[in-house]
Amino acid sequence: MKGPLFSIRMQASLHGRHLSGAEHLSTAEDLERLAAGMVKRALGHMRGRAEKIQLTIEEVATGQIDYGALPDLHTYLVDDYHQGRRAAAAILLKSGVSSLAIDGAMAAMASGAAPDGRSMRGAMLIDAKNGNRLEPDQARGVRVSRMDLTEQAQQELILGLQALGLDNAHVREALTLAAKVLTTPGIVAELCWSDDPGYTAGYVASAQQGYVRFPHLKPIGDERGGRAFFLASGEQDLSELIDYLQTKPMLFDRIGQLYRAQPWGEEL
Ligand code: WAQ
Ligand code: MG
């Protein structure tokens, strides 16, 4: 990408509540197209049409941008969300997250992790050992931003995902977000499932296992989704970690391996 880059972020709300968000890093020439796409998304969301749309565009200092690779992608087929959650828990346990922290994260996401029982706008921060929630604002959570794919990586990813019958914006955006989360010092793993009622898939991401997706992590029709980032130790500097997630610009210029779906086997 040539010239300075801009961070472009969209946040849309309906009835005073968060509806939809999106974030990209873009050249000046691409801003208009991206802005139009974001407005379209906010107006055509599955859960209703936005009443308020905020777009924020800020130039990013080129010297601050770090480059990296996307994690490998795996899909394990599960019969339903019960089996999906058990499988996701097994992967998290292998990644060093305690049962206590896993159960707490899943219970919070399943019942709506915000204080009003709805989905949060961002992610929970959870101590991987004792399961304590560490994000300063339990309604907002922490929003990861300022990450994207390079043009070339995006093309490669689209082709690779198409070959697996898996190319959609949920997968591309979640992979990119998870990639940045995995570069964050102090984060050992992530758990996510969508808040879109029609989209039941979710994933666990960790450095060792990559991006491991499951077609079912919640029942169809459920509007409660969320993200949990598991922290290695509650002793690290939280404000530094949050600042990294929100503001460190990361561009992914390489994709990882994209594996075909296989049945989940408890032995994995
Ligand atoms: N930073 C932190 N948390 C976020 C962000 C962000 N930028 N965007 C969304 N969240 C949180 C928030 O609590 C949402 O309710 C929740 O994540 C889900 O967001 O491989 O679509 O955009 O098939 O609904 C994962 C599976 C799909 C993709 C994830 O998330 C696949 C998805 P959504
Ligand atoms: Mg959503």
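The mixed open sheet is built from seven strands, whose spatial order is 6-11-8-9-10-5-13. One side of each edge strand has no neighbouring strand; the edge strands of this open sheet are strand 6 (124-127) and strand 13 (262-263). One ladder, built from five bridges, connects strand 9 (residues 202-206) with strand 10 (residues 210-214); its direction is antiparallel. Its bridge partner being in strand 10, Ala205 is matched across the sheet by Tyr211.

So, about the site of ligand 1. His170, Asp195, Tyr199, Tyr211 and Arg213 are the nearest of the 26 residues found near ligand 1. Here an oxygen atom of ligand 1 and a side-chain polar atom of Ser194 are 3.0 Å apart. In the model, an oxygen atom of ligand 1 is placed 2.6 Å from a nitrogen or oxygen of the Tyr199 side chain. In isolation ligand 1 has 700 Å² of accessible area, and contact with the protein removes 92% of it. Taken together, the elements giving at least two residues each to the shell around ligand 1 come down to helix 5 (169-182), strand 8 (187-193), strand 9, strand 10 and strand 11 (226-231). Per-element tally for the shell around ligand 1: the top contributor is helix 5, with three residues.

The next subject is the layout of surface pockets. Empty space within the second largest pocket amounts to approximately 480 Å³. Residue lining of the second largest pocket: 20 residues in total, with Arg17, His18, Arg47, Arg118 and Ser119 positioned closest to the centre. For the lining of the second largest pocket, the secondary structure elements donating two or more residues are strand 1 (5-14) and strand 2 (17-27). In this structure, the lining of the second largest pocket is formed jointly by two domains, domain 1 (5-64) and domain 2 (68-263), each of which donates at least three residues.

Let us now look at the packing of aromatic side chains. Evaluation of the coordinates by the stated rule reveals four aromatic pairs. Seen from their ring centres, Tyr76 and Phe214 are 6.3 Å apart, and the 35° between their planes marks the pair as tilted. Taken together, the residues span a long stretch of sequence, with Tyr76 in strand 5 (residues 73-77) and Phe214 in strand 10 at a distance of 138 residues. Each member of the pair, Tyr76 as well as Phe214, is classed as buried.

With that settled, the discussion passes to the pairing of strand 10. Of all five residues making up strand 10, five are buried, and the element is well covered by its neighbours. Hairpin remark: strand 9 followed by strand 10, antiparallel, with three residues in the connecting loop.

Right, let's talk about unusual backbone geometry for a bit. Even without a glycine there, the phi angle at His15 is positive, about 50°. By the secondary structure assignment, His15 is in the loop between strand 1 and strand 2. His15 gets classed as exposed once you look at its relative accessible area, which sits at 54%. Backbone geometry places Arg146, a non-glycine residue, at a positive phi of 65°. Take Arg146: it is sitting in the loop between strand 6 and strand 7 (147-149).

Further remarks concern the domain arrangement of the chain. How big an interface is tends to be stated in terms of the accessible area lost upon association of its parts. Entries for the chain in the domain assignment read domain 1 (5-64) and domain 2 (68-263). The gap between the C-alpha centroids of domain 1 and domain 2 is 20 Å. Taken together, the 19 residues of domain 1 in the interface contact 19 residues of domain 2. Interface area, domain 1 with domain 2, both sides summed: about 1,700 Å², of which 49% is carbon and sulfur. Our count for the domain 1 to domain 2 interface comes out at four salt bridges. Where Asp195 meets Arg47, a salt bridge forms, and the shortest distance between an N and an O atom there is 3.6 Å. Inspection of the domain 1/domain 2 interface yields six residue pairs in polar contact (both at pLDDT 80 or more). Sorting the residues of the side of domain 1 that touches domain 2 by element identifies strand 1, strand 2 and strand 3 (52-60) as the ones contributing at least two each.

Reading guide: rules and limits
Residues numbered from 1 in each chain as written. Chains lettered and ligands numbered in written order. Predicted model: local features only at pLDDT ≥ 70, side-chain atom pairs only at ≥ 80, totals over all residues. Heavy atoms only, no water. Pairing = 2+ DSSP bridges. Helix = DSSP H or I, 4+ residues; strand = E, 2+ residues; numbered from the N terminus. Near = heavy atom within 4 Å. Polar contact = N/O pair within 3.5 Å; in protein donor to acceptor, adjacent residues only side chain to side chain. Areas by Shrake-Rupley, 256 points an atom, 1.4 Å probe, with all protein chains shown as cover. 1 Å grid on protein atoms, 1.4 Å probe; cavity = no way out; pocket = protein on both sides within 12 Å on 5 of 7 lines; lining within 4 Å. Points joined across faces, edges and corners; volume = space filled by probe spheres on them. Domains from an automatic or database assignment. Phe/Tyr/Trp six-rings, centres within 6.5 Å; stacked < 30°, edge-to-face > 60°. Buried < 20%, exposed > 50% of the residue type's maximum accessible area, 1.4 Å probe, protein only. Contact = heavy atoms within 4.5 Å. Buried area = accessible area lost by both parts, 1.4 Å probe. Salt bridge = Lys/Arg side-chain N within 4 Å of Asp/Glu carboxyl O.

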